[in-house]
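If you want the building blocks of each chain, they are given just below.
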Amino acid sequence: MPAIERIVIHHIEGRRSERVAWLLEELGLPYELDFVQGDILGSLLALEQHHEMRMAPVVRIGDVVMVESGAILEYLLAKYGQGSGLRPAESSPEFPAYLEFLHFAEGTALAKIITDVTERRMGQAMAAAGVQRPAPLKIPGLAGSRSGAQRIMHYAENTLAKRPYFAGNHFTAADIMMQFALKLGGPIASGADFNVKAIIRGDKSYFDEFPSVADFMERMAARPAFQRAMKATMPKGPPEM
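Residues numbered from 1 in each chain as written. Predicted model: local features only at pLDDT ≥ 70, side-chain atom pairs only at ≥ 80, totals over all residues. Heavy atoms only, no water.

What should I look at first to understand the environment of D215 in this one?
Tracing the backbone shows D215 in helix α8 (residues 211-221). A residue is classified by how much of its surface remains accessible, and D215, at 38% relative accessible area, is partly exposed. C-alpha separation for the pair D215 and L160, spaced 55 residues apart in sequence, amounts to 9.0 Å. (Helix = DSSP H or I, 4+ residues; strand = E, 2+ residues; numbered from the N terminus. Buried < 20%, exposed > 50% of the residue type's maximum accessible area, 1.4 Å probe, protein only.)

What follows is the structure, encoded as structure tokens:
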């Protein structure tokens, strides 16, 4: 393993940057968190000092500055995670599923979940303004009968009903990526309001329809590295927004 460079996570509480802290805890690597505790907007505005995209996470690894949590995890694993088991060998039968879910978490899962949130809020705003919302286009088939978040949750449930982790029989960085998506996907699929604090705090179980996902989420929450990361990234608990 090369010498460990200074790693700084420019962070917002309850956001995707927690994935990077979790991975580093799993690897046993030191890191620093830079955020304004209890101030989501303050943390967001501070990100602009570090990257023009002003999005979380922004991570500095030595002289390298990156955004995109999936890419950051891949880079850290390539640099420091050889032999950790968190990235299957390319010759492993688990490698294709690992790659799929590592990218599916952002490219499809969160994209569809956030689209559902946006469409719901737009419909509420139109109703409040007295504007009739156009009827949604119905696409034939099973997928057409479900919202985007529901499709994500059912796919995750069907996958985890067959194996304990997204790549196969072993915990990998794909599980770190998917856990965050499912944490938001369950409530949105159930029709709940998008309230980050309530979702993270676990005020209600949103996974009754998805027992395999519920079991997965419980196992992830029980991991010592996850617990350390959540304590570090949300020292006073879930943020207000």
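Hey, could you run me through the nonpolar core in this one?
One recurring pattern in soluble globular proteins: nonpolar side chains tend to sit buried together. L23, L76, L182 and V213 are the most contacted members of the largest nonpolar core, which totals 63 residues. In this structure, I12, I40, L47 and A56 belong to the second largest nonpolar core, which totals six residues. (Core = buried A, V, L, I, M, F, W, Y, C linked by side-chain atoms within 4.5 Å.)

Could you clarify how one ought to interpret the sheet that holds strand β1 (residues 7-10) in this entry?
Hydrogen bonds between backbone atoms are what pair the strands of a sheet, whose relative direction is either parallel or antiparallel. Overall, mixed pairing links the four strands, which are arranged β2-β1-β3-β4 in an open sheet. The open sheet terminates on both sides in strands that have one partner only, identified here as β2 (32-34) and β4 (64-66). The average undirected angle you get between the axes of adjacent strands in this sheet is 20°. In this sheet, strand β3 (residues 58-61) lies alongside β1 in antiparallel orientation, the contact comprising four bridges. If you follow H10 over to β3, its bridge partner there is V58. Lying over the sheet, helix α3 (residues 69-80) contacts β1, β3 and β4, oriented at roughly 20° with respect to β3. (Pairing = 2+ DSSP bridges. Axes fitted to C-alpha atoms, helices over the stretch in contact; angles between N-to-C directions. Contact = heavy atoms within 4.5 Å.)

Help me understand the packing of helix α1 (residues 17-27) against α3 in this model?
Relative orientation and spacing of two packed helices are given, respectively, by the angle between their axes and the distance between those axes. As a packed pair, α1 and α3 sit with axes 10 Å apart at the nearest point and diverge in direction by 20°. By the criterion of interaxial angle, the relationship of α1 to α3 is roughly parallel. α3 is crossed by α1, and the crossing has right-handed handedness. Contacts between α1 and α3 involve R19, V20, L23, L24 and L27 on the former and, on the latter, S69, I72, L73, L76, L77 and Y80. Tallied by class, the residues present in the contact of α1 with α3 amount to nine nonpolar, one polar and one charged. (Parallel < 35°, antiparallel > 145°, perpendicular 65-115°, else oblique. Left-handed = near helix turned anticlockwise from the far one by under 90°. Nonpolar A, V, L, I, M, F, W, Y, C, P; charged D, E, K, R; others polar.)

Would you mind going over helix α5 (residues 148-160) with me for this structure?
Taking 1.5 Å of rise per residue, 13 residues should cover 18 Å, and α5 covers 19 Å from first to last C-alpha, within 8% of that figure. All of the buried residues along α5 are G148, A149, I152, M153, H154, A156, E157, T159 and L160. Against α4 (95-128), α6 (173-190) and α8 lie the buried residues of α5. (Expected span 1.5 Å × (residues − 1).)

Quick question: what am I supposed to make of helix α2 (residues 40-47) here?
Given 3.6 residues to a turn, an α-helix orients residues that are three or four positions apart in the same direction. Within the sequence span of α2, burial applies to I40, G42, S43 and L47. Each buried residue of α2 lies within a common arc of 165° when the element is viewed along its axis, so the set occupies one face. Tucked into the core, α2 has its buried residues touching β1 and β3. For α2, the capping residue at the N-terminal end is D39, with a side-chain oxygen 3.4 Å from the backbone nitrogen of L41. (Arc of directions from axis to C-beta. Polar contact = N/O pair within 3.5 Å; in protein donor to acceptor, adjacent residues only side chain to side chain.)

Please clarify how the pattern of salt bridges should be interpreted in this entry.
Side-chain pairs of opposite charge can arise whenever the charged atoms involved come near each other. Per the stated rule, a full pass over the model turns up 10 salt bridges. For K183, the salt bridge is made with E18, and the minimal N-O distance between the two is 2.6 Å. Taken together, the residues K183 in helix α6 and E18 in helix α1 connect sequence positions 165 residues apart. Neither K183 nor E18 differs from the other in exposure class; each is buried. Residue E25 pairs with R228 through a salt bridge whose shortest N-O separation is 2.9 Å. Separated by 203 residues along the polypeptide, E25 in helix α1 and R228 in helix α9 (residues 224-233) bring together distant segments of the chain. Taken together, the shared-partner salt bridges in this structure form one network comprising R16, R19 and E106. (Salt bridge = Lys/Arg side-chain N within 4 Å of Asp/Glu carboxyl O.)

Just checking my understanding: could you explain the packing of aromatic side chains for this structure?
Aromatic rings considered in pairs are described by the distance between their centres and by the relative angle of their planes. By the definition in use, this model includes nine aromatic pairs. Where W22 meets F226, the ring centres are 4.9 Å apart and the plane angle is 75°; that geometry is what we call edge-to-face. Residue W22 is located in helix α1, and its partner F226 is located in helix α9; the two are separated by 204 residues in the primary sequence. Each member of the pair W22 and F226 is classed as buried. A ring pair is formed by F166 and F216, whose centres lie 5.2 Å apart and whose planes are at 80°; its orientation type is edge-to-face. (Phe/Tyr/Trp six-rings, centres within 6.5 Å; stacked < 30°, edge-to-face > 60°.)

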